[in-house]
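# Residue-level structure breakdown
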Amino acid sequence: MVKKRTIRTIPQERTAIAEQPARERISNFGEVSCGYRQEEALRESERCLLCPEQPCVAGCPVGIDIPGFIHKIGEKDFRGAYDTLTDTNLLPAICGRVCPQETQCEGVCTVGDTLAPVAIGRLERWVGDMAIAEGWANVPYIEPNGFKVGIVGSGPAGMACAADMAKAGCSVTVFEAFHQPGGVLRYGIPDFRLPNEVIDAEIEKLTRLGIKFKCNTLVGRLFTIEEMVGEMGFHTVFIGTGAGYPSFMGIPGESLNGVLSANELLTRCNLMRAREFPAHDTPIELGRRVAVIGAGNTAMDAMRVCLRLGAERVYCVYRRTKAEAPARAEEIHHAEEEGIEFNWLTSPLEILDDGNRGVRGMRCQRMELGEPDASGRRRPVATPGSEFEFECDMVVFAIGTNANPILGQTSQIKLDKRGYIAADETLATSLDGVFAGGDIVTGAATVIEAMGAGRKAARAMKAYLGLRDTETIYSQAADSGEGRLFGIPPGERNYARLRVA
Amino acid sequence: MQEANPDSSFEIVAREDFSDVTYLLEVRHPLMAKAARPGQFVIVMSHEHGERIPLTIADFDRARGTITLVIQAVGKTTREMQRNCTVGTHLYGIVGPMGEPSHIGNAKKVVCVGGGLGVAPVFPQARAHKESGAYVIGIVGFRSRDLIFWEDKFRANCDEFIICTDDGSAGIKGLVTEGIRQVLDRHGDIDELVAIGPPIMMKGCAAATRPRRIRTVVSLNPVMVDGTGMCGGCRVKVGDKVMFACVDGPDFDGHQVDFDDLMFRLQRFKPEEKLALERWQQGCRIEGRDAGRDS
Ligand SMILES: Cc1cc2nc3c(=O)[nH]c(=O)nc-3n(C[C@H](O)[C@H](O)[C@H](O)COP(=O)(O)OP(=O)(O)OC[C@H]3O[C@@H](n4cnc5c(N)ncnc54)[C@H](O)[C@@H]3O)c2cc1C
Ligand SMILES: Cc1cc2nc3c(=O)[nH]c(=O)nc-3n(C[C@H](O)[C@H](O)[C@H](O)COP(=O)(O)OP(=O)(O)OC[C@H]3O[C@@H](n4cnc5c(N)ncnc54)[C@H](O)[C@@H]3O)c2cc1C
Ligand code: SF4
Ligand code: FES
């Protein structure tokens, strides 16, 4: 069979991936990365050492059996690779594209100690894309159990929770405020990173599990969480409403026309299709010179969207250095290739009025890195006398978000001191039968963490309903053997009863 | 695949045209009718490529399961809806009720001021104050007599009712601020004034009550996108704070609001709005011509 691989025998170079050339792609919204072809995926799969310690599995927030799926690719058992992936990850085509692999699985890959790490994300995407192309979906035989589950918010947290609850036999309804489901995947992350067809395909799979999506439904206002678990008859509810509520800095000039949040820019452009204005009705301002404040994924997306909308120059303004920038490494790399001008160690002081309530420029100051702060990153401090001005006609804030206030305004649910929903380690909230996860609990995080939270909550919701948890991945630790009756752990007794009934 | 919202297909069940620019739509949405409170609004998308536009819930009928919108045709979307939204048609999307409901406290004497189209959104507040036992004084302002609507409906919920017209063709000649001046002269014990209308009018109302420190509530109408607090496009300056009108409002203390800032921000998309309207009107003309040729 396979010869034992060693670091010397595997292909030394990481398999390159085809990309749209930077010069071309800045004038379209087509996907930047074209994905592997089969022979490329096979070659890259050979680079995995299948090491017994499996550091990558520990590096993945949901603990995907990474060597397992890569091994199956190598054996050309592609369906098997997909099955292994979807044991833990509901959305491989999405996570393969948007996960910060360099700080997760690939960051701890053994091969990475000597060579470039195995391209786990690209392989994951390749399998996910094949599944979409082939129409694979793991729709198990589902025996309805009569329980009604409500999910608030259709982002990755809500989608993951919905899928697990549907597979357990519950009748699941997802409520979404927007007119289309998907959360940030839909309104935030642009098509050149995550095409809409991929999101549509994943949502379609969920509907095949029997999950109902009700869009145009603002929970809290149209009905409350308390009503959901009360008169509306949901046996349990999951809240995955995301963070939302973008921050501004409170510097002069923020209310000028031409100053907006990245969320607004991206929503107009992606969800509302303002880039096709006037064929689509929603307008968007077109900056010639755009300054984007921040250096996370949201900032990168905003900058690259502006470029594609026709901006001549796009500046990134960030008060720390590239090393501290929270965006995925690949996005910063792509942004650099596309000609984004980075101003590291720069902090805005004022947005300048052009006399017509528009933007004429920005006044900034240079920073230096001082002592480490609470986050462990070195705190930027202003360099005296370093103030300078530059010209721009549009300013986009991408400096993070706060908790969305709607559920706090409309229910008794307990919030933490920052206004996020307070949840215990099982993701149960202060309301009986109501669970929460994703950005609305942790603050802005990642797609895979939100998804992981959705699944973790699903596990607790099943326990709450007394259903057997068929997903062993999360349950190993929980069952200590104590309190078993006829070999059935306490959490599963109702399940046994239901099956008999 | 994805149902818009199976509980209601957002059917337009009634329509009334008040003038050639103002029309009323009654939309079926039983859950919304049940949830709506005075001061709240909805976001409407009339078709798949449409813009999301905020509209105040001007009335709701829990028994019929409907909500009522009163709309002024000012630009592309509202004119297109004026043309297309006939009884029996459906809206592509409607979501709400959004915003914090108006605070109907135990004020004993309340003045409710509506300017032009603002008469519709202030009506549910007048009614709510009346129902909670307050003495309600209604002041409505229109440019001229032929634009007046809901006079009887409004009057029926008021203890006093004043009409102002710019040209004097009905009621007092002058702006609503003239009506406010007269009311303030007659009543020294007003607890609260609610004003809804164009920003310039609300600014005038706030100025009129400021010397007497009468609590003044205005309903702000900045440009919105999602209406859920996610985009910050609707941010307004209130005192020294920046608030998002869609979730922190839309009602705010009129004495604290920076109206000039609001008025400037409403100009944000003027060139695009003009382009969209012209292009649409041209499309209508071509359609009209083709239709003429066909027949
Ligand atoms: C521009 C951008 C780029 C990003 N890029 C990446 C990336 O490359 N990689 C990565 O890992 N992460 C990225 N992230 C972060 C990631 O998208 C989020 O962490 C993740 O989407 C959070 O998922 P969620 O399910 O908690 O919430 P969301 O995805 O925010 O979804 C919440 C949904 O709930 C809906 N909702 C809110 N309130 C209500 C209500 N009251 N009633 C009904 N529905 C409601 C919202 O409309 C929304 O659709 C990015 C974020 C942004 C904004
Ligand atoms: C909370 C709130 C309640 C409102 N209630 C009503 C109502 O009951 N009846 C009514 O007729 N109008 C109401 N409006 C205003 C209405 O939303 C705008 O008239 C409408 O969006 C105009 O769209 P248009 O394409 O026809 O015109 P456009 O030509 O696009 O715009 C005309 C003007 O309307 C404003 N506007 C444009 N787009 C938006 C937007 N997305 N959000 C808010 N304002 C915008 C701008 O000031 C613009 O200059 C309300 C606005 C808000 C914020
Ligand atoms: S989900 Fe993310 S972290 Fe986990 S294996 Fe895939 S790319 Fe790596
Ligand atoms: S409309 Fe987007 S935050 Fe208010």
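Within every chain, residues take consecutive numbers counted from 1 along the sequence as written. A letter from A marks each chain and a number from 1 marks each ligand, given out in the order of writing. Residue-level local features of this predicted model are given only where pLDDT is at least 70; pairs of side-chain atoms are given and counted only at 80 or more, and the full residue set underlies all totals for whole chains, interfaces and linings. Heavy atoms throughout the structure, all of them, feed into the side-chain values; hydrogens and water do not.

## Side note on the interface of chain B and chain A
- Whether two residues are in contact is decided by their heavy atoms, any of which lying within 4.5 Å being enough. Between chain B and chain A, the contact holds 57 residues from the first and 49 residues from the second.
- Accessible area that two parts lose when put together, with a 1.4 Å probe and added across both, is what the buried area reports. Carbon and sulfur atoms make up 55% of the area that chain B and chain A hide from each other, which totals about 4,400 Å².
- For this analysis, a salt bridge means a side-chain nitrogen from Lys or Arg found within 4 Å of a carboxyl oxygen belonging to Asp or Glu. Seen at the junction of chain B and chain A, the total is five salt bridges.
- One salt bridge in this structure joins glutamate 264 of chain A and arginine 268 of chain B, with 2.9 Å as the shortest N-O distance.
- We define a polar contact as two N or O atoms separated by no more than 3.5 Å, with the added condition that, inside protein, one atom must be a possible hydrogen donor and the other a possible acceptor, whereas residues neighbouring each other in sequence contribute only through side-chain atom pairs. Summed over the shared surface of chain B and chain A, the number is 22 residue pairs in polar contact (both at pLDDT 80 or more).

## Here we look at the domain arrangement of chain A
Residues and elements named next belong to chain A.
- Note: domain ranges come from an automatic or database domain assignment. Parsing chain A into structural domains produces domain 1 (22-134), domain 2 (148-244 + 403-465) and domain 3 (285-400).
- Just the C-alpha atoms count here: the centres of domain 1 and domain 3 sit 31 Å apart.
- Counting residues at the interface gives 13 residues for domain 1 and eleven residues for domain 3.
- For the domain 1 and domain 3 pair, buried surface summed over both sides reaches about 1,000 Å², with 51% attributable to carbon and sulfur atoms.
- On the domain 1 side of the interface with domain 3, the three residues burying the most area are Arg25, Ile26 and Phe29, jointly 48% of the side's total.
- Across the pair glutamate 338 and arginine 25 runs a salt bridge whose closest N-O atoms are separated by 2.5 Å.
- Counting across the interface, domain 1 meets domain 3 through ten residue pairs in polar contact (both at pLDDT 80 or more).
- What counts as a helix is a DSSP run of H or I of at least four residues, what counts as a strand is a run of E of at least two, and both are numbered from the N terminus. Mapped by element, the contributors of at least two residues to the side of domain 1 that touches domain 3 are helix 1 (22-25) and helix 6 (92-98).

## Some points on the site of ligand 3
- If even one non-hydrogen atom of a residue comes within 4 Å of a molecule or strand, that residue is called near it. Taken together, the neighbourhood of ligand 3 is formed by Cys60, Pro61, Ile64, Ile66, Asn89, Cys99, Gln101, Gln104, Cys105, Ile120, Glu124 and Ile448 of chain A.
- Partitioning the shell around ligand 3 into residue classes produces eight nonpolar, three polar and one charged. The nonpolar class holds Ala, Val, Leu, Ile, Met, Phe, Trp, Tyr, Cys and Pro. Asp, Glu, Lys and Arg form the charged class, and all remaining residues, Gly among them, are polar.

## With respect to the packing of helix 13 (residues 297-309) of chain A against helix 14 (residues 329-337) of chain A
Residues and elements named next belong to chain A.
- Contact geometry for helix 13 and helix 14: axes closest at 10 Å, N-to-C directions at 25°. For the element pair helix 13 / helix 14, the angle class is roughly parallel. Considering only the axes of helix 13 and helix 14, their crossing is left-handed. Listed contacts from helix 14 to Asn297, Met300 and Arg304 of helix 13 are Glu331, Ile332, His334 and Ala335.
- Considered class by class, the residues forming the contact of helix 13 with helix 14 number three nonpolar, two polar and two charged. Axis definition: a line fit to C-alpha positions, over the contact stretch in the case of helices; interaxial angles, taken between N-to-C directions, run 0 to 180 degrees. Should an angle fall under 35 degrees it is called roughly parallel, over 145 degrees roughly antiparallel, and 65 to 115 degrees roughly perpendicular, with every other angle called oblique. By convention, the crossing between two helices is left-handed when the near helix turns anticlockwise from the far helix through less than a right angle, and right-handed when the turn is clockwise.

## Describing the pattern of salt bridges
- Taken as a whole and judged by the stated rule, the model has 54 salt bridges over all chains.
- Here the salt bridges do not stand alone but share partners, grouping Arg25, Arg193, Asp301, Arg304, Arg308, Arg328, Glu330, Glu331, Glu337 and Glu338 of chain A into one network.

## Let's talk about the sheet that holds strand 7 (residues 313-317) of chain A
All names here are of chain A.
- Two strands are said to pair when DSSP picks up at least two bridges between them. Across the sheet, which stays open at both edges, the five strands sit in the order 5-13-6-7-8 with parallel pairing between neighbours. Looking along the sheet, the strands with just one partner apiece sit at the ends: strand 5 (259-261) and strand 8 (341-343). On average, each strand axis in the sheet is inclined to that of its neighbour by 20°, with strand direction left out of account.
- Sheet strands touched by helix 12 (residues 262-271): strand 5 and strand 13 (394-397). Its angle to strand 5, the strand with the most contacts, is close to 80°.

## Regarding helix 14 of chain A
Residues and elements named next belong to chain A.
- Relative accessibility decides the category of a residue: with a 1.4 Å probe and only protein chains considered, values under 20% of the type maximum give buried, values over 50% give exposed, and everything between is partly exposed. Regarding helix 14, the residues found buried are Glu331, Ile332, His334 and Ala335. End-on, the buried residues of helix 14 take up no more than an arc of 165°, which puts them together on one face.
- For helix 14, the secondary structure elements touched by its buried residues are helix 1, helix 13 and strand 8. The directions considered for the arc run from the helix axis to the C-beta atoms.

## Brief notes about the site of ligand 1
All names here are of chain A.
- Every one of the 33 residues lining ligand 1 counts as a neighbour, but Val98, Glu176, Arg193, Val219 and Asp439 are closest to it.
- Within the contact set of ligand 1, a nitrogen atom lies 3.1 Å away from a backbone nitrogen or oxygen of alanine 177.
- In this structure, an oxygen atom belonging to ligand 1 sits 2.9 Å away from a main-chain N or O atom of valine 447.
- Here the open area of atoms and residues is found with the Shrake-Rupley method and a 1.4 Å probe, where only the protein chains shown may cover a residue. Protein contact buries 95% of the 1,000 Å² of open area that ligand 1 shows by itself.
- Elements with a minimum of two residues in the shell around ligand 1: helix 8 (156-167), helix 13 and helix 17 (447-465).
- Residue contributions to the shell around ligand 1 peak at three residues, all from helix 13.
- A breakdown of the residues in the shell around ligand 1 according to their chemical character gives 15 nonpolar, 13 polar and five charged.
- Both domain 2 (148-244 + 403-465) and domain 3 (285-400) contribute no fewer than three residues apiece to the shell around ligand 1.

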